[in-house]
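Chains, contacts and geometry: an overview
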Amino acid sequence: MTSRVGGIFAGILLLLASTCYCDNPVVNGNWNEWGAWLNCSASCGTGTITRHRTCTNPSPEIGESQCNGTLQESKLCDTNVTCPSVNGNWSEWGAWPNCSASCATGNITRYRTCTNPSPENGGSQCNGTSEESNLCENFTCPVVDGNWSEWGAWHNCSASCGTGNITRYRTCTNPSPENGGSQCNGTAQESKPCDTNVTCPVNGGWSDWDNWSPCTVSCGTGGEQVRSRACNNPPPSNGGLPCGGDSSETSECDQTTQAPCCPWGEWSACSGGFRLRIRDRAGDCASVQGNPLESEICSRR
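For clarity, every value in this text was computed on a predicted model and none was experimentally measured.

Under the counting rule described, the total for this entry stands at 12 disulfides. Here Cys99 engages in a disulfide with Cys136; their sulfurs sit 1.9 Å apart. Taking the sign of the S-S torsion, about 80 degrees here, the bridge from Cys99 to Cys136 comes out right-handed. Taken together, the positions of Cys99 in the loop between β2 (72-78) and β3 (105-111) and Cys136 in strand β4 (residues 131-137) put the pair 37 residues apart, joining distant regions of the chain. The residue that forms a disulfide with Cys231 is Cys243, at a sulfur-sulfur distance of 2.0 Å. Because the sign of the S-S torsion sets the handedness, a value of about 85 degrees for the bond joining Cys231 and Cys243 places this disulfide among the right-handed ones. Placement of the pair is Cys231 in the loop between β7 (223-228) and β8 (248-253) and Cys243 in the loop between β7 and β8, with a sequence separation of 12 residues. For Cys231, a relative accessible area of 26% puts it in the partly exposed group. On the basis of relative accessibility, which here comes to 15%, the residue Cys243 falls in the buried class.

Under the defined criterion, the tally for this structure stands at zero aromatic pairs. One Lys or Arg, Arg53, reaches over the ring of Trp31 and ends 4.1 Å from the middle of that ring. Residue placement shows Arg229 over the ring face of Trp206; its charged tip is 4.1 Å from the ring centre.

Attention shifts here to the pattern of salt bridges. Two side chains carrying opposite charge are able to pair once their charged atoms lie near each other. The full count for this structure, using the stated rule, is six salt bridges. Between Glu132 and Arg110 there is a salt bridge, and its shortest N-O distance comes to 2.5 Å. Placement of Glu132 in strand β4 and of Arg110 in strand β3 is noted, with a sequence separation of 22 residues between them. By relative accessible area, Glu132 is classed as partly exposed at 27%.

Take the environment of Glu178 next. With respect to the helices, strands and loops of the structure, Glu178 is situated in the loop between β5 (163-169) and β6 (189-195). Measuring from C-alpha to C-alpha, the distance between Glu178 and Val144 comes to 4.9 Å, with 34 residues separating the pair along the chain. Ignoring anything within four residues of it in the chain, the contact list for Glu178 reads Pro142, Val143 and Val144.

Turning to the side chain of Gln225, a few remarks are in order. Note on placement: Gln225 falls in strand β7. Apart from the residues within four sequence positions on either side, Gln225 is in contact with Trp212, Ser213, Pro214, Cys215, Glu249, Thr250, Ser251, Glu252 and Cys253.

The share of residues in the protein chain with pLDDT of 70 or more is 85%, and the mean pLDDT across the chain is 85. Between residues 13-22, whose pLDDT stays under 50, and residues either more than four places distant or in other chains, the model counts zero contacts.

Cut-offs and rules
- Residues numbered from 1 in each chain as written.
- Predicted model: local features only at pLDDT ≥ 70, side-chain atom pairs only at ≥ 80, totals over all residues.
- Heavy atoms only, no water.
- Disulfide = S-S within 2.5 Å.
- Helix = DSSP H or I, 4+ residues; strand = E, 2+ residues; numbered from the N terminus.
- Buried < 20%, exposed > 50% of the residue type's maximum accessible area, 1.4 Å probe, protein only.
- Phe/Tyr/Trp six-rings, centres within 6.5 Å; stacked < 30°, edge-to-face > 60°.
- Lys NZ or Arg CZ within 6 Å of the ring centre and 35° of its normal.
- Salt bridge = Lys/Arg side-chain N within 4 Å of Asp/Glu carboxyl O.
- Contact = heavy atoms within 4.5 Å.
- pLDDT = per-residue confidence, 0-100.

Right, dumping it as structure tokens:
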């Protein structure tokens, strides 16, 4: 009995030793060979042909990698048969849409396409137009009187210094008048004075010319007279520019129309600290006003 038990135990050990507990091997997918090219997709002209393959050589085990690449591939094919030309023909007209106007008159348009069939292989296009329009009319539109919008913001002052005006605007769009409705009453803009609080520069301006001064000669020619003006109309201020030009001007003058120019005689010899000379009173000089005698202090040398 003991020997029999020992033999059974030895057999169990041998069985355990011969059993492999290895992990299952990885099985990723792999493509099989491409199938044959299918027939050309076109019966005339050019088309495409396609062939397929499957990821079954072997198929991937659950959780392993699929095959890389595509299941099918295509390329152009030529049937060497000339396709007959197909003339285009119109489809049925589409339905009329709603009128473009919610009241009064508007337009409606419907369309068709040159796809029944489409022109092919040099066939002619469809004759006619792809759209048509008609007038449509709904009920009479209500009269809408215009009303003013809110006033806009005040614009900048019209002046950069001193005082000016600011203006703001509104529009007759709240709502706009429609269907014979009345325009808004009032004005679309209003203005009011504004003060920049900046003093403006004042450029100087000339006064009127003064009267001419007396001629520098009392008789004869070769005299001069002067007149002047002032830069005070207004005077320049706050950085304003001074007046341009001269403040005085000179003009020649003569006294030929006033009296003849009667010459003085020679000075007499100095006597008693004085000397004398006498103006000629002959001819026209007899009427000249004033003292014909002139004296001055002198000293003997």
